[in-house]
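# Tertiary structure, described
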Amino acid sequence: MSDEHTGGSVETSMHIDPYEKNWMRLTIVLLVIFAAAVTIAGFALGFQVPSPEERVDPQTVATEGPFADPGLREYPDGRYDLYIVSRMFSFSPAEVTVPTGAEITFYVTSVDVQHGFKIQNTNVNMQIVPGQVSKLTMSFDEPGTYDFICTEYCGSAHAQMYGRLIVEG
Ligand code: CUA
């Protein structure tokens, strides 16, 4: 009976199979490539990660400041800011028209629970957290209608939470 505990061959010296060594090398090479890709995407290509722009009070954000009057703001230099309030279960405004090619900075916040903001067929995809403003800049070169949807389950009518961005030529 007691032999069962000592009978197994336990290797005490570290033996690494040559194949395994090659896999370990490959893993390290891949990690270096991934790190390089993230660095290049972030610094050279200007990819953006949605950034928490500022902290706000979800109780008052929809009644004071820029989110009290959500929608599109145009600046003399041709840029736009777009303020969107999300709540169960809608975006405000739910339909926005923007010109083709214009640089649009999205500011999105929530007054209740966590939502998502994803514009179909684009890279715009942000988590919307109450108490925070999520910000992302984007321009649309193709005219058309882009649906934006909530991507974070937020309750019974989550699937009905969407809006439309119309890009006019
Ligand atoms: Cu809002 Cu799902």
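Further up the page is the structure itself.
Figured I'd write up the structure that's included with this text. (Residues numbered from 1 in each chain as written. Predicted model: local features only at pLDDT ≥ 70, side-chain atom pairs only at ≥ 80, totals over all residues. Heavy atoms only, no water.)

## Looking at the overall build of the protein
Across its full length, the protein holds two helices and 11 strands. When contacts within the protein are restricted to residue pairs at least 6 apart in sequence, long-range pairs at least 24 apart make up 61% of them. Of the accessible surface of the protein, which amounts to about 10,900 Å², a share of 55% is contributed by carbon and sulfur atoms. (Helix = DSSP H or I, 4+ residues; strand = E, 2+ residues; numbered from the N terminus. Contact = heavy atoms within 4.5 Å. Areas by Shrake-Rupley, 256 points an atom, 1.4 Å probe, with all protein chains shown as cover.)

## Quick word on the sheet that holds strand 11 (residues 162-168)
A sheet is described by the order of its strands in space; here five strands give the open sequence 5-11-10-7-8, paired in mixed fashion. A strand with exactly one partner marks an edge of an open sheet, and here the two such strands are strand 5 (95-99) and strand 8 (125-128). Here the strands of the sheet are splayed against their neighbours by 20° on average, with no regard to which way each runs. Sheet topology places strand 5 next to strand 11; five bridges connect them, and they run parallel. Paired with Pro99 across the strands is Glu168, a residue of strand 11. (Pairing = 2+ DSSP bridges. Axes fitted to C-alpha atoms, helices over the stretch in contact; angles between N-to-C directions.)

## Concerning the packing of aromatic side chains
Under the defined criterion, the tally for this structure stands at eight aromatic pairs. Between Phe91 and Phe117, the ring centres sit 5.6 Å apart and the planes meet at 80°, which makes this aromatic pair edge-to-face. Of this pair, Phe91 sits in strand 4 (residues 90-92) while Phe117 sits in strand 7 (residues 115-119), and the two are 26 residues apart along the sequence. The exposure classification of Phe91 matches that of Phe117, with both residues buried. An aromatic cluster of three or more residues is present, and its members are Phe91, Phe106, Phe117, Phe140, Tyr146 and Phe148. (Phe/Tyr/Trp six-rings, centres within 6.5 Å; stacked < 30°, edge-to-face > 60°. Buried < 20%, exposed > 50% of the residue type's maximum accessible area, 1.4 Å probe, protein only.)

## Some thoughts on the nonpolar core
Where a protein is soluble and globular, its nonpolar side chains tend to be buried together. The biggest cluster of nonpolar side chains holds 24 residues, and the ones touching the most others in it are Phe106, Phe117, Ile119, Phe140 and Leu165. Of all elements in the fold, only strand 3 (80-87), strand 5, strand 6 (103-110), strand 7, strand 8, strand 10 (144-149) and strand 11 reach the threshold of two or more residues within this core. Not counting the four nearest positions on each side in its chain, Phe140 is found in contact with Thr100, Gly101, Ala102, Ile104, Phe106, Ile119, Thr122, Tyr146, Leu165 and Val167. Phe67, Tyr83, Val85 and Tyr107 belong to the second-largest nonpolar core, a separate cluster that totals six residues. (Core = buried A, V, L, I, M, F, W, Y, C linked by side-chain atoms within 4.5 Å.)

## Some remarks on a nonpolar patch on the surface
Together, Tyr19, Trp23, Leu26, Val29, Leu30, Leu31, Ile33 and Phe34 make up a nonpolar patch on the protein surface, roughly 880 Å² of accessible area in all. For Ile33, the location among the structural elements is in helix 2 (residues 18-44). Among the residues examined, Ile33 registers a relative accessible area of 46% and is labelled partly exposed. (Patch = residues over 30% accessible without salt bridge, like charges linked within 9 Å, V, L, I, M, F, W, Y side chains within 5 Å. Salt bridge = Lys/Arg side-chain N within 4 Å of Asp/Glu carboxyl O.)

## Looking at unusual backbone geometry
Of note, the bond from Met88 into Phe89 is cis; its omega dihedral lies within 30 degrees of zero at 5°. For Phe89, the location among the structural elements is in the loop between strand 3 and strand 4. The amide bond that connects Ser92 to the next residue, Pro93, takes the cis arrangement and shows omega of -5°. Looking at the element boundaries, Pro93 is found in the loop between strand 4 and strand 5.

## Re the pattern of salt bridges
In this structure the tally under the stated criterion is two salt bridges. Residue Asp77 pairs with Arg79 through a salt bridge whose shortest N-O separation is 3.0 Å. Residue Glu95 is joined to Arg164 by a salt bridge in which the shortest nitrogen-to-oxygen separation is 3.0 Å. Here the residue Glu95 occupies a position in strand 5, and Arg164 occupies one in strand 11, the gap between them amounting to 69 residues. Residue classification places Glu95 among the partly exposed residues on the basis of a relative accessible area of 45%.

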